[in-house]
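A look at the structure
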Amino acid sequence: METAIETADDSAWMRLALDEARACLDRDEVPVGAAVVVNSQLVARAGNRTRSDCDPTAHAEIVALRAAARQLGNYRLTEATLYVTLEPCAMCAGALIQARIARLVFGATDPKAGAVVSHFGLCASPALNHRVAVTQGVLAEDCGDLLRDFFRQRRG
């Protein structure tokens, strides 16, 4: 995996993704938020919408990538950084590769379904046609606490 160095702005952008994750709570969605940034400009932001949209592909990353592609008029987001509060699953990691995202920054790891560092290493796979630079652990405690609290309340 190509590891990218955390930048000074990473925490600020991750806080924006956390705001999107918190907004998911109002929709009874798993609180995962994402933001797409190009040249230090916000292009798109989203939270999970799987339940709201009755769409199994409406993870925060996918919703944000779709919005960014529409905003920029190009499905290839070669200059973009995706910030997301949780390590992407296999579907979302695949979408990052298809979008040619330059960099991924995520907060909490996902030991069950994460496909970037926890399992598979998709963003660095030599078998695929694109590699994504990855920075992990940005505001990991805040991101993880939000998810743990959500699931703790649901299990009550």
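Preceding block: the structure.
Rules of the game
Residues numbered from 1 in each chain as written. Predicted model: local features only at pLDDT ≥ 70, side-chain atom pairs only at ≥ 80, totals over all residues. Heavy atoms only, no water. Phe/Tyr/Trp six-rings, centres within 6.5 Å; stacked < 30°, edge-to-face > 60°. Buried < 20%, exposed > 50% of the residue type's maximum accessible area, 1.4 Å probe, protein only. Pairing = 2+ DSSP bridges. Helix = DSSP H or I, 4+ residues; strand = E, 2+ residues; numbered from the N terminus. Axes fitted to C-alpha atoms, helices over the stretch in contact; angles between N-to-C directions. Contact = heavy atoms within 4.5 Å. Parallel < 35°, antiparallel > 145°, perpendicular 65-115°, else oblique. Nonpolar A, V, L, I, M, F, W, Y, C, P; charged D, E, K, R; others polar.

1. Some remarks on the packing of aromatic side chains
Scanning all chains against the criterion turns up 2 aromatic pairs. Ring centres 5.1 Å apart and planes at 80° place the aromatic pair F150 and F151 in the edge-to-face group. Residue classification places F150 among the buried residues on the basis of a relative accessible area of 7%. On the basis of relative accessible area, F151 is assigned to the partly exposed category, the value being 29%.

2. Description of the sheet that holds strand β4 (residues 103-108)
Sheet strands pair via backbone hydrogen bonds, and the direction of the pair is either parallel or antiparallel. The mixed open sheet is built from 5 strands, whose spatial order is β2-β1-β3-β4-β5. The two strands at the open ends of the sheet, each matched to only one other strand, are β2 (41-47) and β5 (133-136). Along the sheet, successive strands turn relative to each other by an average axial angle of 15°, direction set aside. Examined bridge by bridge, β4 and β5 share 4 bridges and lie parallel to one another. Residue pairing across strands places V105 opposite T135, the latter belonging to β5. Against the sheet, helix α3 (residues 60-72) touches β1 (33-38), β2 and β3 (80-86), its axis set at about 145° to β2. Packing against the sheet, helix α5 (residues 140-155) makes contact with β3 and β4, and its axis sits at approximately 60° to β4.

3. Structural notes on the packing of helix α1 (residues 10-24) against α5
As a packed pair, α1 and α5 sit with axes 11 Å apart at the nearest point and diverge in direction by 5°. Relative to α5, α1 is oriented roughly parallel. Of the residues in α5, those touching α1 at M14, L18, A21 and R22 are D142, C143 and L146. Residues that form the contact of α1 with α5 fall into these classes: 5 nonpolar, no polar and 2 charged.

4. Brief notes about helix α4 (residues 90-99)
It helps to recall that an α-helix has 3.6 residues per turn; residues three or four apart then point in one direction. For α4, the set of buried residues is C92, A93, A95, L96, I97 and A99. Taken together, the buried residues of α4 touch α3, β3 and β4. Downstream of α4 by one or two residues, R100 has phi in the positive range, about 60°.

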